[in-house]
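Observations on the model geometry
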Protein chains: 2
Amino acid sequence: MPCEGHYKDLLKGGNLKNTRQRASILKALENAGQPITAEDIYLLLKDDKVSISLSTVYRVLDTLVEKGLALKNTMTDNPKAFYELKNHEHRHHLLCVGCHKMLPVDGCPLKDYEKLLEEKFGFSVKGHKLEVFGYCEGCREKPHST
Amino acid sequence: MPCEGHYKDLLKGGNLKNTRQRASILKALENAGQPITAEDIYLLLKDDKVSISLSTVYRVLDTLVEKGLALKNTMTDNPKAFYELKNHEHRHHLLCVGCHKMLPVDGCPLKDYEKLLEEKFGFSVKGHKLEVFGYCEGCREKPHST
DNA sequence: ATTCATGCAAACGGTTTGCACGCAT
DNA sequence: ATGCGTGCAAACCGTTTGCATGAAT
């Protein structure tokens, strides 16, 4: 349960001025607890009576990613980028193509694979993106419900 | 070494008219042997004196994907979509962030993982996208060459 | 002859950018 | 006081679409 100053420190660590917009975006990302889009953030903050512009959201997110405080992701067949805080454990998400929910899964199946790539191909792995899609438990029983 | 009629059959199988543009796009995808963008195809065909428009390239690619003849992929930090023929073995690519080459890797580390997801979460996996990035053998020795 | 594919140009949508103003330091 | 951050509106760029023409069946 982080206090408000929490965001302040995060920002200071990146040599970033502690503005209301930036702190609000960090808070929104943290509250979400899963990847959300720039527009999501924009609307969340509007609801919260935080005055902000969409371009600022994009600029702040870019900065956070650049400073290593956040992660950016895109998924095929959705032009919008998703952002998440780089706080929590490394994890992936299952995308239900029925209800479009994202199911977080802790742990990562790729650790050994990356080691193998280093050894076999001399490829120095810096990161990866994994997108698994299919039907969640609820939707697999009624796959034509949409 | 497929003959020209090869493409014709592919198209017929999808109830698609056998046009010069479609056959050329299929050929370009096959020649490439790795994921390429719509613009890549457009330029390749222009060089080859095949008259075609960019929108046709997009429309044909969409159709091919829809018919299951091709795969579409997007990578974070590159807004362009990549397309490849769905001919060959399932495989992934290593993206070098130094020289931006794509290194194909046969095989897939996710088979067991997908089985696990089915069992543990009741999630019916339909497919996945994997993007591994880092430095290739050539670039890891001179990572600041760009 | 009919239906489907193509080319062109204009629209679209998410993201980026230039510039003037405002706020954190 | 200074420099970085923000808002606005316009630009950007990959992609999509409407419509009239053209080609495959």
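Residues numbered from 1 in each chain as written. Chains lettered and ligands numbered in written order. Predicted model: local features only at pLDDT ≥ 70, side-chain atom pairs only at ≥ 80, totals over all residues. Heavy atoms only, no water.

Before going further, it helps to spend a moment on the overall build of chain A. Counting its secondary structure elements, chain A contains 6 helices and 6 strands. Listed by position from the N terminus, the elements making up chain A come as α-α-β-α-α-β-β-β-β-α-β-α. With respect to the three principal axes, the spread of C-alpha positions in chain A is 45 × 45 × 30 Å. Considering chain A as a whole, with its 146 residues, one finds that 42% of them fall into the buried category. Long-range contacts, defined here as pairs at least 24 residues apart, represent 43% of the contacts in chain A between residues at least 6 apart. Averaging the positions of the 22 positive and the 20 negative side-chain charges in chain A gives two centres separated by 6 Å. (Helix = DSSP H or I, 4+ residues; strand = E, 2+ residues; numbered from the N terminus. Buried < 20%, exposed > 50% of the residue type's maximum accessible area, 1.4 Å probe, protein only. Contact = heavy atoms within 4.5 Å. Lys, Arg positive; Asp, Glu negative; His and termini not counted. Charge placed at Lys NZ, Arg CZ, Asp CG, Glu CD.)

Contact with chain B, which involves 34 residues of that partner, is made by 34 residues of chain A. Roughly 3300 Å² is buried in total at the junction of chain B and chain A, and carbon and sulfur atoms are behind 65% of that figure. At the junction of chain B and chain A, the tally comes to 10 residue pairs in polar contact (both at pLDDT 80 or more). Counting only elements with at least two residues in the side of chain B that touches chain A, the list comes to strand 2 (70-75), strand 4 (91-96), strand 5 (102-106), helix 5 (111-121), strand 6 (124-135) and helix 6 (137-140) of chain B. At 12 residues, strand 6 of chain B tops the list of elements feeding residues into the side of chain B that touches chain A. Here the residues of the side of chain B that touches chain A sort into 18 nonpolar, 8 polar and 8 charged. Pairing of strand 6 (residues 124-135) of chain A with strand 6 of chain B, which is carried by 11 bridges, proceeds in the antiparallel orientation. Looking at the pairing, A:Val132 lines up with B:His128 of strand 6 of chain B. (Buried area = accessible area lost by both parts, 1.4 Å probe. Polar contact = N/O pair within 3.5 Å; in protein donor to acceptor, adjacent residues only side chain to side chain. Nonpolar A, V, L, I, M, F, W, Y, C, P; charged D, E, K, R; others polar. Pairing = 2+ DSSP bridges.)

With an RMSD of 0.1 Å, the fit of chain B onto chain A corresponds to turning through 179° and sliding 0.0 Å along the axis. Within this description, the copies of the chain are treated as partners about a two-fold rotation axis. Rotation axis and chain B: the residue whose C-alpha lies nearest the axis is B:Leu130, separated from it by 2.3 Å. The residues that chain B uses at the interface reappear at the interface of chain A in 100% of cases, marking a shared surface. (Least-squares fit on C-alpha atoms with pLDDT ≥ 70 in both.)

Okay, the protein's contact with DNA strand C next. Taken together, 20 residues surround DNA strand C, and among them A:Tyr58, B:Lys17, B:Thr19, B:Arg22 and B:Thr56 come closest. Of all the secondary-structure elements, those providing two or more residues to the surface near DNA strand C are helix 4 (54-66) and strand 3 (78-85) of chain A together with helix 2 (20-32) and helix 4 (54-66) of chain B. In terms of residue class, the surface near DNA strand C is built from 5 nonpolar, 8 polar and 7 charged. (Near = heavy atom within 4 Å.)

In spatial order, the strands read 5(A)-4(A)-6(A)-6(B)-4(B)-5(B); together these 6 strands make up an open sheet with mixed pairing. Edge positions in the sheet fall to strand 5 (102-106) of chain A together with strand 5 of chain B, since each has one partner strand and no second. Direction aside, the axes of adjacent strands within the sheet are offset by 25° on average. Here helix 5 (residues 111-121) of chain A sits on the sheet and contacts strand 6 of chain A together with strand 4, strand 5 and strand 6 of chain B; the angle it forms with strand 6 of chain A, its principal contact strand, is near 135°. (Axes fitted to C-alpha atoms, helices over the stretch in contact; angles between N-to-C directions.)

Let's shift gears to the domain arrangement of chain A. Residue and element names in this part refer to chain A. For chain A, the assigned domains read domain 1 (1-88) and domain 2 (89-146). Of note, the centres of domain 1 and domain 2, computed from C-alpha atoms alone, are 23 Å apart. Between domain 1 and domain 2, the residue contacts involve 12 residues of the former and 8 residues of the latter. Per-residue buried area on domain 1 facing domain 2 is highest for Gln-34, Met-75 and His-88; these three make up 55% of the total on that side. Put simply, domain 1 and domain 2 have 0 salt bridges between them. Going through the elements one at a time, strand 2 (70-75) and strand 3 are the ones with two or more residues in the side of domain 1 that touches domain 2. No other element matches strand 2, which puts 4 residues into the side of domain 1 that touches domain 2. For the side of domain 1 that touches domain 2, a count of residues per class yields 3 nonpolar, 7 polar and 2 charged. (Domains from an automatic or database assignment. Salt bridge = Lys/Arg side-chain N within 4 Å of Asp/Glu carboxyl O.)

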